Each structure stands twice: as structure tokens, then as C-alpha cells.
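Take a look at the letters that make up each chain.
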Amino acid sequence: MTTQVITTNANDSILDQAEIALVEQVGKTGELIQGYADVLCKVFDRKDTNGNTIEKWFNLVGAEKKGIKARRASFVQRMIARGHVKADGKPSATVDVYWQRVKEASGYVPKGRVSGGTDVDSKTVAELKTMINRILKSEENGQDCNASMFKGNLMEVFEGMGGDVDNLG
């Protein structure tokens, strides 16, 4: 499976247009947020050769996240220019709130919210994923934890309940 990340000047233009529209029309956010989110997904979501999304833009890490980091910085600067700034010159909380809304419109589910249902099994799968990811992150950071001994068991239960172990981490 190959991945595709689109990062051309034409994309910068469409991203600029969508971002400017959002920032200039902050009071009319519903459709604008969704429009900007759709463009971010189109440009930055990782796709396979058939065009299927294999990783959402808000989950990208490392070098793959470079374009998103630049867009976020651009978004912040445009919001500051429109007056969403604290007395100390830093962005106001409004900037983060709107960026969070864009992420959610793109499909991001904030921590603490269970996606796919609220029954016991759905919650359990979500909590197992959180625990496994915490263990994986700890191991990546070189930290020893007793939970590592049980990671395989947790992954087995997670997969048995319908979780996708290939999308952990």
C-alpha cells in the first residue's frame, strides 16, 4: 500500500482561500468550518492508491505533519490579525476553539467522547485503545512500566472486541 500526501502550490491556494473565508466569517461558522475541514481532509489526509483515506490529517506525526503545522500557524496569524489576540500579544482562546471545531468537523473525536456508541463494549474498546496507546508511548519514550508485561494481552482483548491493532500508537 502506498500513501499520498498532496502538497503543491495549487493546494496552498485552495487552503488559503478556505482559511481566509473561515477567519473572515467567524460569526457564520457552521458551513465555513465544515468547508475548511473538507479542504484540509482533501489535501492532507493520507490516501492509498485507490484514494481511500488511511490516516486523517489530525493524526499525522513527524514529517507528515509538516504541512498541517504550517496551516495551523497561518490560521493563528490570520486570527490574530482579525483581533483574536490577548493583551500580551498571544492568540486568544477563540483561536484554539475554532481550530478544535475544524478538527471535529474533519472527524476528530476528542478524548473523553466515545465514538461508535455508548454501550459497554464500545466504551471498553475505546478505553483499551487509550491504555494500549499510553503503554506504547511510554515505551517509545524509553520509560519502563509494569503495564508493558500485559500489553500483548490487552491488544488481544482489544482485537477480539473489534479493535484494529494496526491503528494503535
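Heads up: these notes are all about the structure in this document. If you're wondering where the values come from, they're calculated on a predicted model, not measured in any experiment. (Residues numbered from 1 in each chain as written. Predicted model: local features only at pLDDT ≥ 70, side-chain atom pairs only at ≥ 80, totals over all residues. Heavy atoms only, no water.)

Section: the overall build of the protein chain
Working step 1: A count of helical and extended segments in the protein chain gives 6 helices and 2 strands.
Working step 2: What you see in the protein chain, going N to C, is helices and strands ordered as α-α-β-β-α-α-α-α.
Working step 3: Of all 169 residues assigned to the protein chain, the portion counted as buried reaches 29%.
Working step 4: At a minimum sequence separation of 6, the contacts of the protein chain that also span at least 24 residues come to 55%.
Working step 5: By element, 49% of the accessible surface of the protein chain is carried by carbon and sulfur atoms, the whole surface being about 10600 Å². (Helix = DSSP H or I, 4+ residues; strand = E, 2+ residues; numbered from the N terminus. Buried < 20%, exposed > 50% of the residue type's maximum accessible area, 1.4 Å probe, protein only. Contact = heavy atoms within 4.5 Å. Areas by Shrake-Rupley, 256 points an atom, 1.4 Å probe, with all protein chains shown as cover.)

Focus on the environment of Gly163
Working step 1: Structurally, the position occupied by Gly163 is in the segment after α6 (151-160).
Working step 2: Taking the C-alpha atoms as reference points, Gly163 and Lys129, 34 residues apart in sequence, are found 7.8 Å from one another.

A look at the packing of aromatic side chains
Working step 1: Counted according to the given criterion, the structure contains 6 aromatic pairs.
Working step 2: Relative to Phe75, the ring of Tyr36 has its centre 6.2 Å away and its plane inclined at 15°; by these criteria the two rings are stacked. Linking Tyr36 in helix α2 (residues 29-44) with Phe75 in helix α3 (residues 66-81), this pair joins segments that are 39 residues apart in sequence. For the pair formed by Tyr36 and Phe75, the shared burial category is buried.
Working step 3: What links up through ring pairs into an aromatic cluster is the set Tyr36, Trp57, Phe58, Phe75, Trp99 and Tyr108.
Working step 4: The cationic tip of Arg101 hangs over the ring face of Tyr98; the distance from NZ or CZ to the ring centre is 4.9 Å.
Working step 5: One Lys or Arg, Lys103, reaches over the ring of Tyr108 and ends 4.2 Å from the middle of that ring. (Phe/Tyr/Trp six-rings, centres within 6.5 Å; stacked < 30°, edge-to-face > 60°. Lys NZ or Arg CZ within 6 Å of the ring centre and 35° of its normal.)

Looking at the pattern of salt bridges
Working step 1: A full pass over the atoms with the stated rule returns 8 salt bridges.
Working step 2: A salt bridge links Arg78 to Glu19; the nearest nitrogen and oxygen atoms lie 2.5 Å apart. Of this pair, Arg78 sits in helix α3 while Glu19 sits in helix α1 (residues 9-24); the two residues are 59 residues apart in sequence, bridging distant segments of the chain.
Working step 3: Residue Arg78 is classed as partly exposed on the basis of its relative accessible area, which comes to 25%.
Working step 4: In this structure Glu19 comes out as buried when scored by relative accessible area, which is 0%.
Working step 5: Here the salt bridges share partners, and the residues they tie into one network are Asp16, Glu19, Arg71 and Arg78. (Salt bridge = Lys/Arg side-chain N within 4 Å of Asp/Glu carboxyl O.)

Some points on the side chain of Glu19
Working step 1: Within polar-contact distance, the side chain of Glu19 engages the side chain of Arg71 at 3.4 Å.
Working step 2: Apart from residues lying up to four places away in sequence, Glu19 is in contact with Tyr36, Arg71, Ser74, Phe75 and Arg78. (Polar contact = N/O pair within 3.5 Å; in protein donor to acceptor, adjacent residues only side chain to side chain.)

Here we look at the nonpolar core
Working step 1: Residues Tyr36, Leu40, Phe44, Trp57, Phe75 and Val102 are the most contacted members of the largest nonpolar core, which totals 23 residues.
Working step 2: Dropping the residues within four chain positions of it, Leu40 is found in contact with Leu15, Asp45, Trp57, Ile68, Arg71, Trp99 and Val102.
Working step 3: One finds Val125, Leu128, Ile132 and Phe158 within the second-largest nonpolar core, a separate group that totals 6 residues. (Core = buried A, V, L, I, M, F, W, Y, C linked by side-chain atoms within 4.5 Å.)

As for the packing of helix α5 (residues 120-140) against α6
Working step 1: Closest axis-to-axis distance for the α5/α6 pair is 10 Å, and the angle between their directions is 150°. The angle between α5 and α6 falls in the class roughly antiparallel. Viewed along their axes, α5 and α6 form a crossing whose handedness is left-handed. For the pair α5 and α6, contact is made by Val125, Leu128, Lys129, Met131, Ile132, Ile135, Leu136 and Glu139 and by Lys151, Leu154, Met155, Val157 and Phe158, respectively.
Working step 2: The residue makeup of the contact of α5 with α6, split by class, is 10 nonpolar, no polar and 3 charged. (Axes fitted to C-alpha atoms, helices over the stretch in contact; angles between N-to-C directions. Parallel < 35°, antiparallel > 145°, perpendicular 65-115°, else oblique. Left-handed = near helix turned anticlockwise from the far one by under 90°. Nonpolar A, V, L, I, M, F, W, Y, C, P; charged D, E, K, R; others polar.)

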